[in-house]
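Below are the chains, spelled out letter by letter.
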Amino acid sequence: MQKVEFKNRIREFRKKKGLRQTDLARLVGIFQSELSEIERGVRKPSVYLAKKIAKALGVSLDDLFPS
């Protein structure tokens, strides 16, 4: 299985908001382990989940996932 690398700024914005992974995961309805994989770029979130994360952090999708 090839490793997926997906750059994002979720961890940066989560920490600015003072949230732990468990806090943000609970807000968006996923497990902490899934959020950890997304933050590390191992797993790519669905568009629906990415929108929920952006909304919970008060930022845009463009802020979270720079091109």
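Scroll up for the structure.
Being a predicted model, the structure only gives us computed values, none of them experimental. Throughout this description, residue numbers start from 1 for each chain and increase along the sequence as written. Owing to the predicted nature of the model, reporting of local features is limited to residues with pLDDT of at least 70; listing and counting of side-chain atom pairs is limited to 80 or more, with chain, interface and lining totals taken over all residues. Excluding hydrogens and water, the side-chain values take into account all heavy atoms of the structure.

(A) Quick look at the pattern of salt bridges. Salt bridges are defined as contacts in which a side-chain nitrogen from Lys or Arg sits within 4 Å of a carboxyl oxygen from Asp or Glu. In this structure the tally under the stated criterion is seven salt bridges. Across the salt bridge formed by Arg20 and Asp23, the nearest N and O atoms sit 3.0 Å from each other. For Arg43, the salt bridge is made with Glu37, and the minimal N-O distance between the two is 3.2 Å. Only protein chains enter the accessibility calculation, which uses a 1.4 Å probe; a residue whose area is less than 20% of its type maximum is buried, one above 50% is exposed, and one in between is partly exposed. Here Arg43 falls in the partly exposed class, since its relative accessible area comes to 35%. Under the relative-accessibility criterion, Glu37 is labelled partly exposed at 25%. One salt-bridge network, held together by shared partners, links Arg9, Glu12 and Lys16.

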